[in-house]
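Results of the structural survey
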Amino acid sequence: MGKLTLYYFPLRARNEIPQLTLAGGGVDYEYVSILFDKWAEFKDKTFLKQLPMLVLPDGTEICQSGAIVRYIAQIASPRLVPDDPVKAAYVDMIFEMCQDKRVQVIDPICNMYSGEQFKTEKETVLGHLQDNYLPCWTKLLGDKKFFAGDSVTYADFAVFHILENTQNVEPNVLSKWSEMSAWYERVKGLPGIKQFLDSRPPLRQLPPAN
Ligand SMILES: N[C@@H](CCC(=O)N[C@@H](CS)C(=O)NCC(=O)O)C(=O)O
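Residues numbered from 1 in each chain as written. Predicted model: local features only at pLDDT ≥ 70, side-chain atom pairs only at ≥ 80, totals over all residues. Heavy atoms only, no water.

This part covers the site of the ligand. Taken together, the neighbourhood of the ligand is formed by Y8, F9, R14, W39, K43, Q50, L51, P52, Q64 and S65. Residue R14 places a side-chain N or O atom 3.0 Å away from an oxygen atom belonging to the ligand. Here an oxygen atom of the ligand and a side-chain polar atom of W39 are 2.9 Å apart. In isolation the ligand exposes 510 Å². Once the protein is present, 70% of that is buried. Residues that form the shell around the ligand fall into these classes: five nonpolar, three polar and two charged. (Near = heavy atom within 4 Å. Polar contact = N/O pair within 3.5 Å; in protein donor to acceptor, adjacent residues only side chain to side chain. Areas by Shrake-Rupley, 256 points an atom, 1.4 Å probe, with all protein chains shown as cover. Nonpolar A, V, L, I, M, F, W, Y, C, P; charged D, E, K, R; others polar.)

The feature "domain: GST N-terminal" (unreviewed entry), as annotated in UniProt, sits at residues 2–80 in this numbering. As annotated, residues 2–80 comprises 35% helix and 20% strand, and the C-alpha atoms at either end are separated by 20 Å. (UniProt positions renumbered as here; feature names shortened; annotations may be inferred. Helix = DSSP H or I, 4+ residues; strand = E, 2+ residues; numbered from the N terminus.)

Most of helix α1 (residues 16–24) sits out of view: eight of its nine residues are buried. Of the residues making up α1, those classed as buried are E16, I17, P18, Q19, L20, T21, L22 and A23. The elements touched by buried residues of α1 are β1 (4–8), β2 (29–33), α3 (65–75), α4 (85–99), α8 (154–169) and α10 (193–199). The positive-phi residue at the C-terminal boundary of α1 is G26, with phi of around 65°. (Buried < 20%, exposed > 50% of the residue type's maximum accessible area, 1.4 Å probe, protein only. Contact = heavy atoms within 4.5 Å.)

Right under this line is the structure:
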C-alpha cells in the first residue's frame, strides 16, 4: 500500500488521535500542516471544507477524525480494534467519550484560549476529569494492561491524547490515579509513540497558570 497523507493545522488537536493511531499502528504516512494563511485557498479544494482529512494513495478523501481513526485502526497490523463486535463497541464508546465536548475542550484550551476563557474552561474540564472521567476510565481499565485487554486499541490513544494535552495545563492531573498513571506510562512507552511525541512542533506559549 502507498503512503497516506494526513492534513491538519499546526496545532495539537484533532490531528493527534489520528497521528497516535498511525504511530502506534506502524502505518507509514505523511503529515501536511496547513498554515492558517493558506487555509482559505486550501479549504475550497477539500471534500468537507474541514480538517483533519486523510487522503489515501488512490486519492480517496476521508474527513471526520472519528472516521479517520477507525479506518487507521482497521488497516494497522496488528489491527487496533478487537474482532469481537461487543469489544469493538466498548473500544468505540471510550473513543467517543473523548470526542465529547466536556473533555475535547482541552484542545482549544491548549491551542487557542486565553484570559478568563482559558482559566474558566480549564477549571471546568479538570472538574469533569476528576469527578467523572477518571473514575470511569479507572473502572473500565480494571486490572487490564490496556482498555481492551492485552493489546492496545485506538481507545487507549484517544484517552492518552486528552490526558497528554491536560498535562500541559495541569501536570498533576494523574497524581491521585495510580492505575491510570501506570497505564499512561505504558501507552507512552509503546513503539512509535515516544518518537511521535518528540517529533511534534512545540505547543504555543501557554497563558500563565493563575
Ligand atoms: N467533527 C469534525 C470536526 C472538524 C473541525 O471542527 N475542524 C476544524 C478544526 S478543529 C476546522 O477545520 N476548522 C476550519 C473551518 O471550519 O474553516 C472532526 O472530528 O473531524
